[in-house]
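Structural overview
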Amino acid sequence: MTAAILDGKKISADMREELRAETALLREKGIIPGLGVVLVGDDPASRSYVTAKEKACEETGLYSDEVKLPADASRERILEAVDAFNRDDRIHGILVQLPLPDSSIEHEVIDRIDPAKDVDGFHPYNAGCMMLGRETFLPCTPHGVLHLLKRSGARVAGSHVVIVGRSNIVGRPLANLLSLKNELGNATVTICHTGTPDIGVHTRQADIIIAAAGRPGTVTADMVKDGAVVIDVGVNRVPDASKKKGYRLAGDVDFDAVAEKASAITPVPGGVGPMTITMLLLNTVQSAKRKLGPS
Ligand code: GUN
């Protein structure tokens, strides 16, 4: 079997077109959806994610503002940047790019974001609502994976999904969302992680495998059942002297070999990545729409 490519770029482009139209309507009513971004330090991957998010805002008609702080910025200075966006009426969504150079303050910084502007869905209030199946901002990468599965026609309800990786940003929220009884979920979910003795025992049973471990080569062909759907969340910079930048992007999945067995697979880049940014735009537009009051 040779897998169909799940084209996140195309699905994203369609969704962004819809969002552009929605944003244009909001603008006619005097509301310009706005995203406030806080970037601390100069990690090249974080810098490039933030640039991509701001470019997507511009292309979709959203306003964006960025506060860029040095890697040694004090805790107080970072909290001040969050407070300023909390107060700013032009800003409907706030994103603090993670990881922070000092990871020990991440909880405090996330807790400081007004939950009504928490378009990442990382605030404990929103994370709790998500877990309970209440309406809230859903975290962008898991939400993007759900829409990618939905728009590609994969059958999620009743299937066995195995997630490799238990991060707070991807693995754990995805497991929650996929197990909820609604039209995007209703799956049986297993989470594997670094404490799982033999991950292949589990992935070989999966109808859908979601790789979110942050390590290239985590999912190899021998770990995949014939006909499985494989979603690769990994974005790893692998040194490659033949490239101008000195690296290439690789996911967590051994793409070429797995594509021979899977029925469908996401590429890296061009799979989950664009969906994540699209969900950030979606959440920011949703947040701005709340200004209109209950519809
Ligand atoms: N770092 C990696 N993924 C994300 C994300 O979705 N949001 C934020 N704020 N930081 C990240």
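In case you missed it, the structure is sitting above this.
These numbers come from a predicted model, not from an experiment.

How each quantity is defined
Residues numbered from 1 in each chain as written. Predicted model: local features only at pLDDT ≥ 70, side-chain atom pairs only at ≥ 80, totals over all residues. Heavy atoms only, no water. Helix = DSSP H or I, 4+ residues; strand = E, 2+ residues; numbered from the N terminus. Buried < 20%, exposed > 50% of the residue type's maximum accessible area, 1.4 Å probe, protein only. Contact = heavy atoms within 4.5 Å. Polar contact = N/O pair within 3.5 Å; in protein donor to acceptor, adjacent residues only side chain to side chain. Core = buried A, V, L, I, M, F, W, Y, C linked by side-chain atoms within 4.5 Å. Near = heavy atom within 4 Å. Areas by Shrake-Rupley, 256 points an atom, 1.4 Å probe, with all protein chains shown as cover. Nonpolar A, V, L, I, M, F, W, Y, C, P; charged D, E, K, R; others polar. Expected span 1.5 Å × (residues − 1). Arc of directions from axis to C-beta. Pairing = 2+ DSSP bridges. Axes fitted to C-alpha atoms, helices over the stretch in contact; angles between N-to-C directions. Right-handed = clockwise from strand over helix to strand, strands pointing away. Salt bridge = Lys/Arg side-chain N within 4 Å of Asp/Glu carboxyl O.

Digging into the environment of N182
Within the secondary structure, N182 is located in the loop between α7 (171-179) and β6 (188-192). Look at N182 and you get partly exposed, because its relative accessible area is 34%. Sequence separation of N182 and G133 is 49 residues, and the distance between their C-alpha atoms is 8.9 Å.

A word on the environment of T278
Inspection of the secondary structure assignment puts T278 in helix α10 (residues 272-289). On the basis of relative accessibility, which here comes to 0%, the residue T278 falls in the buried class. Other than its neighbours up to four places away in sequence, T278 contacts S12, M15, R16 and L19. Only 2.9 Å separates the side chain of T278 from the backbone oxygen of P274, close enough to count as a polar contact.

Focus: the nonpolar core
By size, the foremost hydrophobic cluster in this structure holds 50 residues, and its most contacted members are V145, L174, L178, I208, I210, I231 and V233. Per-element accounting of this core gives the leading share, nine residues, to α10.

As for the side chain of T276
Locating T276 in the fold gives a position in helix α10. Reaching out from T276, the side chain makes a polar contact with the side chain of T141 at a distance of 3.1 Å. Apart from the residues lying within four places of it in its own chain, the contact partners of T276 are C140 and T141.

With respect to the site of the ligand
Neighbouring the ligand are L95, V96, Q97, L98, D120 and F122. Within the side chain of D120, an N or O atom sits 2.6 Å from a nitrogen atom of the ligand. When the free accessible area of the ligand is taken as 280 Å², the share hidden by the protein chains comes to 84%. Partitioning the shell around the ligand into residue classes produces four nonpolar, one polar and one charged.

Observations concerning helix α1 (residues 8-28)
Taking 1.5 Å as the rise per residue, α1 with 21 residues should run 30 Å; its terminal C-alpha atoms sit 30 Å apart, in good agreement. Restricting attention to buried positions, one finds in α1 the residues G8, I11, S12, M15, R16, L19, T23 and L26. Down the axis of α1, the smallest arc covering the buried residues is 125 degrees, so these residues share one side. One side-chain oxygen of the residue at the start of α1 lies 3.1 Å from the amide nitrogen of K9, identifying that residue as D7. Downstream of α1 by a residue or two, G30 has a phi angle that is positive, lying close to 85 degrees.

Quick word on the sheet that holds strand β1 (residues 4-5)
The parallel open sheet is built from six strands, whose spatial order is β1-β11-β8-β7-β5-β6. Where the open sheet ends on each side, the last strands, each with one partner, are β1 and β6. In terms of strand pairing, β1 meets strand β11 (residues 264-265) through two bridges, oriented parallel. Residue A4 lies in a different strand from β11, and its bridge partner there is A264. Where helix α6 (residues 140-151) meets the sheet, its contacts fall on β7 (208-211) and β8 (229-232), and the angle it forms with β8 comes to roughly 150 degrees. Docked against the sheet, α7 engages β5 (160-164), β6 and β7, running at close to 170 degrees with respect to β6.

What to know about the pairing of strand β3 (residues 63-69)
Here strand β2 (residues 34-40) pairs with β3 via seven bridges, running parallel. Along β3, the bridge assignment pairs V38 with V67. Regarding topology, helix α2 (residues 44-60) serves as the crossover connection from β2 to the parallel β3, and that connection is right-handed.

Some thoughts on the pattern of salt bridges
Inspection of the entire model under this criterion finds 13 salt bridges. One salt bridge connects R20 with E17, and the closest N-O pair in it is separated by 2.6 Å. In this pair, R20 and E17 are both assigned in helix α1, three residues apart and thus about one turn of the helix distant. Since its relative accessible area comes to 32%, R20 is described here as partly exposed.

Remember, this is a structural readout, not a statement about activity or role.
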